[in-house]
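What follows is the residue order along each chain.
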Amino acid sequence: MMAPQLLLVVLLLVTCSSGITGLSIGVNYGTMGDNLPSFAAVANFLKTNTIIDRVKLFDANPDILRAFANTGIAVTITVPNGDIPGLMTVEGAKGWVERNVMGFEGTRIVRVLVGNEVLHWGPQELRDDLVGAMRMLRVALVQAGLGHLQVTTAHSLGILLRSQPPSTGRFRPGWDTGVLAPMLQFLRETKSPFVVNPYPYFGSTAKLLNYCTFGRYRGWPDRYTGKVYYNMFDSLMDAVYSAMKALGYPDVDIVVGETGWPTVAESWQTWVNVGPQRRIMAGW
């Protein structure tokens, strides 16, 4: 029964990461649950039974990192939000790298996320520290001989002031020039991607169900560009690109950190069930 159960987890959490070099399919590997397979079983299943070639962790669990050794699967690790203040000094950043990145020979760590949706959830002190912590972690990685690892952070789409029509997408005032512009400059300098977590579910209604889940839809035109959107996912991603372009950073790659569709929701959200989820997976 282990393989079918694990497959369900994979399907629910499937994400895509795209860049100028091609397309990769990955999963977010969470461990908040009961009766979960062992880390080694998960790593082996992904390697031998799927086309999954990337995994994103919400921390830097050393047991998981060891389980993915010699699988060839690219692993993204995350600095928990609470650890961000500790990265604001060279010594603190070096210590984090020594404890959480070094010593995992054979594990293909490719990226470090400094926090998850920090701008959305705060507090303000973390927002103020975010770019500085990213820069300091980068220094520590370079000094440790790990300069090939990308350093970035993941954002909810709460960073957008508006997303419709997509060509008018803009970041929220204050965050745009105060945090996101210097962050995008850092990402450009280090050739690291801008990571976002787009969830069409949050904009879903019964009428927009097909639009949100890659179903048949008449199309939604952008009145300024004439481009017609047949699903909300593409619309959201173009809104992010437009916001980046407005700040002068259209050349920074965009990576999808996570997305998905729930199996259940509030009782009044009768359109939210496993049916649309199956359609989304078929579309992927």
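Scoring rules and cut-offs
- Residues numbered from 1 in each chain as written.
- Predicted model: local features only at pLDDT ≥ 70, side-chain atom pairs only at ≥ 80, totals over all residues.
- Heavy atoms only, no water.
- Helix = DSSP H or I, 4+ residues; strand = E, 2+ residues; numbered from the N terminus.
- Contact = heavy atoms within 4.5 Å.
- Areas by Shrake-Rupley, 256 points an atom, 1.4 Å probe, with all protein chains shown as cover.
- Buried < 20%, exposed > 50% of the residue type's maximum accessible area, 1.4 Å probe, protein only.
- Pairing = 2+ DSSP bridges.
- Expected span 1.5 Å × (residues − 1).
- Bend = angle between axes of the 7 residues up to and from the residue.
- Core = buried A, V, L, I, M, F, W, Y, C linked by side-chain atoms within 4.5 Å.
- Phe/Tyr/Trp six-rings, centres within 6.5 Å; stacked < 30°, edge-to-face > 60°.
- Axes fitted to C-alpha atoms, helices over the stretch in contact; angles between N-to-C directions.
- Parallel < 35°, antiparallel > 145°, perpendicular 65-115°, else oblique.
- Nonpolar A, V, L, I, M, F, W, Y, C, P; charged D, E, K, R; others polar.
- Polar contact = N/O pair within 3.5 Å; in protein donor to acceptor, adjacent residues only side chain to side chain.
- Right-handed = clockwise from strand over helix to strand, strands pointing away.

A. View of the overall build of the protein. When helices and strands are counted, the protein shows 10 helices and 12 strands. Partitioning the contacts of the protein with sequence separation of at least 6, the portion at a separation of at least 24 is 67%. Only carbon and sulfur atoms are counted for the fraction: they give 56% of the accessible area of the protein, which is about 13800 Å².

B. Quick peek at the pairing of strand β9 (residues 194-197). Covered by surrounding structure in β9 are Phe194 and Val196 together with Val195 and Asn197, the residues of both alternating faces. For strand β6 (residues 150-156) and β9, the ladder comprises 3 bridges, and the chain directions are parallel. Bridge pairing links Ser156 to Asn197 in β9. Inspection of the sheet shows β9 paired to strand β12 (residues 254-256) by 3 bridges, in the parallel sense. When the sheet's bridge partners are listed, Phe194 is paired in β12 with Ile254.

C. Structural view of helix α7 (residues 175-190). The end-to-end C-alpha distance of α7 is 21 Å, a good match for the 22 Å that 16 residues give at a rise of 1.5 Å each. At Ala181, α7 is bent by approximately 30°, the largest bend along its length, and proline Pro182 sits one to four residues beyond. Those residues of α7 not exposed but buried are Trp175, Asp176, Val179, Leu180, Ala181, Met183, Leu184, Phe186, Leu187 and Thr190. Those residues of α7 that are buried lie in contact with α5 (118-121), α6 (124-143), β6, β8 (170-171), β9 and α9 (232-246). Phi turns positive one or two residues past the end of α7, at Lys191, with a value near 55°.

D. Inspection of the nonpolar core at higher detail. One finds Phe68, Ile77 and Phe194 to be the most contacted residues of the largest nonpolar core, which totals 77 residues. When neighbours within four sequence positions are excluded, Ile77 is seen to be in contact with Leu57, Asp59, Ala60, Leu65, Trp96, Asn100, Val101, Ile109, Arg111, Val112 and Leu113.

E. Up close: the packing of aromatic side chains. Under the counting rule described, the total for this entry stands at 9 aromatic pairs. Ring centres of Tyr29 and Phe68 lie 6.3 Å apart, and the angle between their planes is 70°; on these two criteria the pair is classed as edge-to-face. Here the residue Tyr29 occupies a position in strand β2 (residues 22-29), and Phe68 occupies one in the loop between α3 (62-67) and β4 (74-79), the gap between them amounting to 39 residues. With respect to class, Tyr29 is no different from Phe68; both count as buried. In this structure an aromatic cluster arises from ring pairing among Tyr199, Tyr201, Phe202 and Trp261.

F. Structural detail: the packing of α6 against α7. For the pair α6 and α7, the least separation of the axes is 10 Å and the interaxial angle reads 10°. Overall, the two elements α6 and α7 adopt an arrangement that is roughly parallel. Taken together, the residues of α7 that come into contact with α6 (itself represented by Arg127, Leu130, Val131, Met134, Arg135 and Arg138) are Trp175, Val179, Pro182, Met183, Phe186, Leu187, Glu189 and Thr190. Here the contact of α6 with α7 is composed, by residue class, of 9 nonpolar, 1 polar and 4 charged.

G. Representation of the environment of Asp234. Position of Asp234 among the secondary structure elements: in helix α9. Residue Asp234 is classed as partly exposed on the basis of its relative accessible area, which comes to 38%. Distance from Asp234 to Pro200, taken between C-alpha atoms, is 9.7 Å for residues 34 residues apart in sequence.

H. Layout of the side chain of Thr190. Looking at where Thr190 falls in the secondary structure, it is placed in helix α7. The class for Thr190 is buried, based on a relative accessible area of 18%. Of note is the side chain of Thr190, whose polar atom sits 2.9 Å from the backbone oxygen of Phe186.

I. Layout of the pairing of β4. Among the 6 residues of β4, 6 are classified as buried, and the element is accordingly described as predominantly covered. The side-chain alternation of β4 yields two buried faces, one formed by Ala74, Thr76 and Thr78 and the other by Val75, Ile77 and Val79. The pairing of strand β3 (residues 54-57) with β4 spans 3 bridges and is classified as parallel. Following the sheet pairing, Lys56 is matched in β4 by Thr76. Both β4 and strand β5 (residues 108-116) contribute to a ladder of 6 bridges, which runs parallel. Opposite Ile77, over in β5, you have Val112 as the bridge partner. After leaving β4, the chain enters helix α4 (residues 90-100) and then returns to the sheet as β5, a path that is right-handed.

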